[in-house]
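Fold and contact review
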Amino acid sequence: MLFAGMAIGVNGCSSPADKLEDVRRSAQEQYDSAATDFAARNYSAAGQKFNAALTIGGLNPDLYCDATVKRAVCWVATGKTTEAIGELDRLEPGAPNLDQIYAARSYALAKQGKAAESRAALAKARQFNRTVQEFKD
């Protein structure tokens, strides 16, 4: 009888820690796939995968910040500029990656034809991090 109980305990339910690890692994896989698509400039697929990774939850904070900004860049690249700017505005207060946020805002403003504002946003991004990468098509 004791053996049967042990078998149920071992083979039965997974622990909350196991479930959390599964969530983290799934989010990481979505993030990694999105990053590959992003690097290949497949913004539609990347945006969907960044969104999935963010929705699943479990990304560590630096990847979460990166995914939110890159999802906004994907939105800009696929014509959802207003949504992207709204997301960047929401992220800005207290964000640890202001350089990326301003670089993404620069990209969005350039897509809207606001060249002077785009250059100002990129200059502000470079005040936070002089080596920040500019987002381009």
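Read on for an overview of the structure.

How each quantity is defined
Residues numbered from 1 in each chain as written. Predicted model: local features only at pLDDT ≥ 70, side-chain atom pairs only at ≥ 80, totals over all residues. Heavy atoms only, no water. Helix = DSSP H or I, 4+ residues; strand = E, 2+ residues; numbered from the N terminus. Buried < 20%, exposed > 50% of the residue type's maximum accessible area, 1.4 Å probe, protein only. Contact = heavy atoms within 4.5 Å. Expected span 1.5 Å × (residues − 1).

1. Regarding the side chain of Thr 81
Along the chain, Thr 81 turns up in helix α5 (residues 81–91). In this structure Thr 81 comes out as buried when scored by relative accessible area, which is 12%. Other than its neighbours up to four places away in sequence, Thr 81 contacts Trp 75, Val 76, Ala 108 and Gln 112.

2. Some details on helix α6 (residues 98–111)
For α6, which comprises 14 residues, the first-to-last C-alpha distance of 20 Å matches the rise-based estimate of 20 Å (1.5 Å per residue) to within 8%. In terms of burial, α6 is largely enclosed, as 12 of its 14 residues are buried. Residues of α6 that are buried sit in contact with α4 (61–77), α5 and α7 (115–128). Just beyond α6, the residue with positive phi is Gly 113, at close to 80°.

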